[in-house]
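# Observations on the model geometry
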Amino acid sequence: MGIGSLHVRACAPYRALLGWLLMLAACLCAAFPAAAAPPQALQLAAGDSSFSLSASLQYWHDPHADASPEQAYARAQAGNFAPLPNGNPAFGFQSGAYWFYLPIENLQHDEPRWLLIQEYALSDNLDLYLRYPDGRVEHDEGGDHVPFDDRFIRYRHPNFRLDLPTGQRVELLLRVKSESSMQVPLMLYTPQAFAELMRDAQFANGLYYGIVLALLCYNLVLWLMLRDAGYFWYLLHTCAFGVVLFTLNGYGFELLWPNSAWLADASVPLSICLALIGMQLFSRSFLDLRARWPLGNIACLCLVAFFAALGVASLWLPYSIATPIASRAVLLGVVWIIAASVVMLHRGYRPARLFLLAWSMFLAGTTAFTLLAFGVLPQSFWTQYGVQIGSALELLLLSLALGRRYADLRDANIRIVQEANERLERGMIDRTRELRTTMAQLGEANVKLRDYSLRDPLTGLFNRRHFHDALQQALDACGDTMQPLALLLLDLDHFKRINDQYGHQTGDGCLVAAARAIEEIAQSRQGMAARFGGEEFVILLPGTDASLALHTAEAVRLRIQQTVVHGTGHAIRMSASIGVHAIEGTRRVLPADAIRLADEALYRAKHDGRNCVRHSTSAA
């Protein structure tokens, strides 16, 4: 036997073992996939003036809506955000909060300022955070639960001003919490591009609404002269449906109730119900159900009663309940009109043919828009403008249907001919208004940026300024309710030595770890923790007497002592000195005196050897 064959036989077991190891590694990789990488920065290339962010955004659903911006940033950096499903920014009616993350790099030297527009007007609360390379975080608020006058630009859609320095990577984080449909189509514009957009929209909106107003006044005069109930129901449906689109497009919040979040919410289901009532009564009159189909007439009136009850209930029902029901009721109302048209067509009523086709177009458009609101269909031109497109087609077909009905009844009775003409005119007004609403997706708004944050950017605790405000409020409440109040002032021992020995980055890690331990204990006792400055922290405990305050301080001291911070090759343990000052509910104390007494107690704790708790000698 040759040396080569011996070598092959000797290596065969090792090759088999290597093969098994490779298979095991492949299975482990499949079972434990690597975390998704954070998204690449969206580069604003020169020459482009507008960008759609849906294709680049990543999101995270916070079901309890209790995550902080720091937690969301950390999840995004860890790759725990997911891309939008098929680039669709619509999620339907959802609970909790949604976070959207996207880093942006501006490559345009002459455009440092941009406008972020959320092209959906009904979101309740939006919180925008911009984190810059130097660690600075800017925060701004928007949505229809924030007064309209606080918007940066007087525009119907929520909007924010973005300062994007050239060549810097800015991390955009948007929190959206709303009882409405969760739709977050985001667009980024240069000021010039947005100004051109508003110019065209203002001209078109003024022209359209002037025509609609003139037509509505004209038909109102006709109704007052002829006293035809069909005109009244037509006007009700037209006005209510106009309010629906007016509200959905953000004009209601801009022009009618800019400071009322309740009206902004209640107007949607209420206007939908009014539009449904007018639509049903108008269709009942057109199809002449009372004379031609008595059973259908009763069913139509039952639907009207249901829509009226739903409209009244929507005044106190939560928005998240009333609006989905009203949205589904639109489909129910249109389906019933189509069914009644089919029955009337089967009975030989020829005008019902085009009437049926017209409402079928409206049903298709309404269904597309409703499925978009519930997150079933992705956002596109056809789903976003489905109601306007369907109503436009309905306008043309109803015009033909009314004309045909007029021709059929002309020789039978002059009065019927006149009513047909009036319905035709009313249909033209209604459809013209709906066509005008198709162009009413752009407008004006204003939200002012706020350049301060309530939290310390390193630790995530409240900052010193917010603590002073909270302490003043707590002292006032303490005096009013006669409840005690405790103040804990603590300082990390020998923190300068940690910075000098291990570096400031490790020192920052120690501050973050200590802050997390302090905040957990403070929150468990319904208290508030804040960073007082440097390595000093403060805890405010309402309703806590001296005994319980000392117990809490000792728990904080032990938690910090047990906390281990791992640096580069080091395991660092910390300790803290804590001064406690308890305030009786029967005394009035100034904030400066309370802090001074707690600081004196802290000084005694340090003087007594550190890593201990001392109570103030003066009682307040």
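Everything discussed here concerns the structure shown above.
Residues numbered from 1 in each chain as written. Predicted model: local features only at pLDDT ≥ 70, side-chain atom pairs only at ≥ 80, totals over all residues. Heavy atoms only, no water.

### As for the overall build of the protein chain
Broken down by element type, the protein chain carries 18 helices and 20 strands. With 620 residues in all, the protein chain has 50% of them scored as buried. Pairs at least 24 apart in sequence give 77% of the contacts found in the protein chain among residues at least 6 apart. Roughly 28,800 Å² of accessible area belongs to the protein chain as shown, and the carbon and sulfur atoms make up 60% of that amount. (Helix = DSSP H or I, 4+ residues; strand = E, 2+ residues; numbered from the N terminus. Buried < 20%, exposed > 50% of the residue type's maximum accessible area, 1.4 Å probe, protein only. Contact = heavy atoms within 4.5 Å. Areas by Shrake-Rupley, 256 points an atom, 1.4 Å probe, with all protein chains shown as cover.)

### Focus: the sheet that holds strand 10 (residues 159-163)
Spatially, 4 strands are ordered 2-13-7-10 in an open sheet, and the strand pairing comes out antiparallel. Of all strands in the sheet, those with a lone pairing partner are strand 2 (50-52) and strand 10, marking the two edges. Direction aside, neighbouring strands of the sheet carry axes that sit 25° apart on average. Pairing of strand 2 with strand 13 (residues 186-189) involves 3 bridges; the strand directions are antiparallel. Considered in strand 13, the bridge of Phe51 is made with Leu188. (Pairing = 2+ DSSP bridges. Axes fitted to C-alpha atoms, helices over the stretch in contact; angles between N-to-C directions.)

### Details of the packing of aromatic side chains
Think of a pair of aromatic rings as described by two things: how far the centres are apart, and how the planes are tilted against each other in angle. Scanning the entire structure with this criterion turns up 16 aromatic pairs. Arranged with centres 5.0 Å apart and planes meeting at 90°, the rings of Tyr155 and Phe194 form a pair that is edge-to-face. Taken together, the residues span a long stretch of sequence, with Tyr155 in the loop between strand 9 (137-142) and strand 10 and Phe194 in helix 3 (residues 191-226) at a distance of 39 residues. Three or more aromatic residues joined by ring pairs form one cluster here, namely Tyr59, Phe91, Tyr98 and Phe100. Sitting above the plane of the Phe532 ring, Arg464 keeps its charged end 3.9 Å from the centroid. (Phe/Tyr/Trp six-rings, centres within 6.5 Å; stacked < 30°, edge-to-face > 60°. Lys NZ or Arg CZ within 6 Å of the ring centre and 35° of its normal.)

### Describing helix 16 (residues 504-524)
Look at helix 16: 30 Å from first C-alpha to last across 21 residues, which is about the 30 Å you get at 1.5 Å a residue. Trailing helix 16 by a residue or two, Gln526 shows a phi angle of about 55°, which is positive. (Expected span 1.5 Å × (residues − 1).)

### Let's talk about the nonpolar core
One finds Ile272, Leu276, Leu287 and Met344 to be the most contacted residues of the largest nonpolar core, which totals 38 residues. Elements that contribute at least two residues to this core include exactly helix 4 (229-248), helix 6 (261-287), helix 8 (294-313), helix 9 (319-346) and helix 10 (352-373). Membership of the second largest hydrophobic core comes to 30 residues, among which are Leu490, Ala514, Met574 and Val580. (Core = buried A, V, L, I, M, F, W, Y, C linked by side-chain atoms within 4.5 Å.)

### Quick notes on the sheet that holds strand 14 (residues 485-492)
Taking strand neighbours across the sheet as the criterion, the 5 strands line up as 15-16-14-19-20 in an open arrangement whose pairing is mixed. Only two strands of the sheet have a single neighbouring strand rather than two, namely strand 15 (528-533) and strand 20 (613-615). Ignoring strand direction, the axes of neighbouring strands in this sheet form an average angle of 20°. Strand contacts of helix 14 (residues 464-481): strand 14, strand 15, strand 16 (536-542) and strand 19 (576-583), with the helix running at about 130° to strand 15, the strand carrying the most contacts.

### Observations regarding the pairing of strand 13
Of the two faces of strand 13, the one holding Leu186 and Leu188 and the one holding Met187 and Tyr189 are both buried throughout. In this sheet, strand 13 lies alongside strand 7 (residues 113-118) in antiparallel orientation, the contact comprising 4 bridges. When the bridges of strand 13 are listed, Leu115 appears paired with Tyr189.

### Focus on the environment of Leu287
Tracing the chain through its elements places Leu287 in helix 6. Classification of Leu287 by relative accessible area gives buried; the value is 1%. In this structure, the C-alpha to C-alpha distance between Leu287 and Phe355, residues 68 residues apart in sequence, is 8.9 Å. Sequence-distant contacts of Leu287, that is, excluding residues within four places in its chain, are made with Arg292, Ala340, Ser341, Met344, Tyr349, Ala352 and Phe355.

### Remarks on the environment of Tyr73
For Tyr73, the location among the structural elements is in helix 2 (residues 69-77). Note: C-alpha distance between Tyr73 and Trp99 (26 residues apart in sequence) is 9.6 Å. Aside from chain neighbours lying at most four places away, what touches Tyr73 is Tyr101, Tyr129, Leu130, Arg131, Glu171 and Leu173. A polar contact is formed between the side chain of Tyr73 and the backbone oxygen of Glu171, at a distance of 3.1 Å. (Polar contact = N/O pair within 3.5 Å; in protein donor to acceptor, adjacent residues only side chain to side chain.)

### A look at the pairing of strand 8 (residues 125-131)
Within strand 8, 5 of the 7 residues are buried, which leaves it mostly tucked inside the rest of the structure. The pairing of strand 8 with strand 11 (residues 169-177) spans 7 bridges and is classified as antiparallel. Looking at strand 11, one finds that Arg131 is bridged to Glu171. Note that strand 8 and strand 9 share 6 bridges and pair antiparallel. Bridge assignment links Asp127 to a residue of strand 9, and that residue is Glu141. Between strand 8 and strand 9, which follow one another and run antiparallel, lie 5 residues, and Gly135 among them has a positive phi close to 90°.

### Re unusual backbone geometry
Of note, Arg610 is a non-glycine position whose phi angle comes to about 65°, a positive value. Topologically, Arg610 is positioned in the loop between helix 18 (591-607) and strand 20. Judged by relative accessible area, which is 33%, Arg610 ranks as partly exposed. Positive phi, normally seen in glycine, also occurs at Asn611, with a value near 55°. Mapping Asn611 onto the fold places it in the loop between helix 18 and strand 20. Look at Asn611 and you get partly exposed, because its relative accessible area is 24%.

### Some remarks on the packing of helix 15 (residues 495-502) against helix 16
Across the interface, helix 15 lies against helix 16 with an axial gap of 7 Å and an inter-helix angle of 140°. Here helix 16 runs oblique to helix 15, going by the angle between their axes. Contacts between helix 15 and helix 16 involve Phe495, Ile498, Asn499 and Tyr502 from the former and His504, Thr506, Gly507, Cys510 and Leu511 from the latter. Taken together, the residues of the contact of helix 15 with helix 16 break down into 5 nonpolar, 4 polar and no charged. (Parallel < 35°, antiparallel > 145°, perpendicular 65-115°, else oblique. Nonpolar A, V, L, I, M, F, W, Y, C, P; charged D, E, K, R; others polar.)

### Focus on the state of the cysteines
Under the counting rule described, the total for this entry stands at 0 disulfides. For the unlinked cysteine Cys300, the closest cysteine sulfur is that of Cys302, found at 9.3 Å. Its relative accessible area of 1% is what places Cys300 among the buried residues. (Disulfide = S-S within 2.5 Å.)

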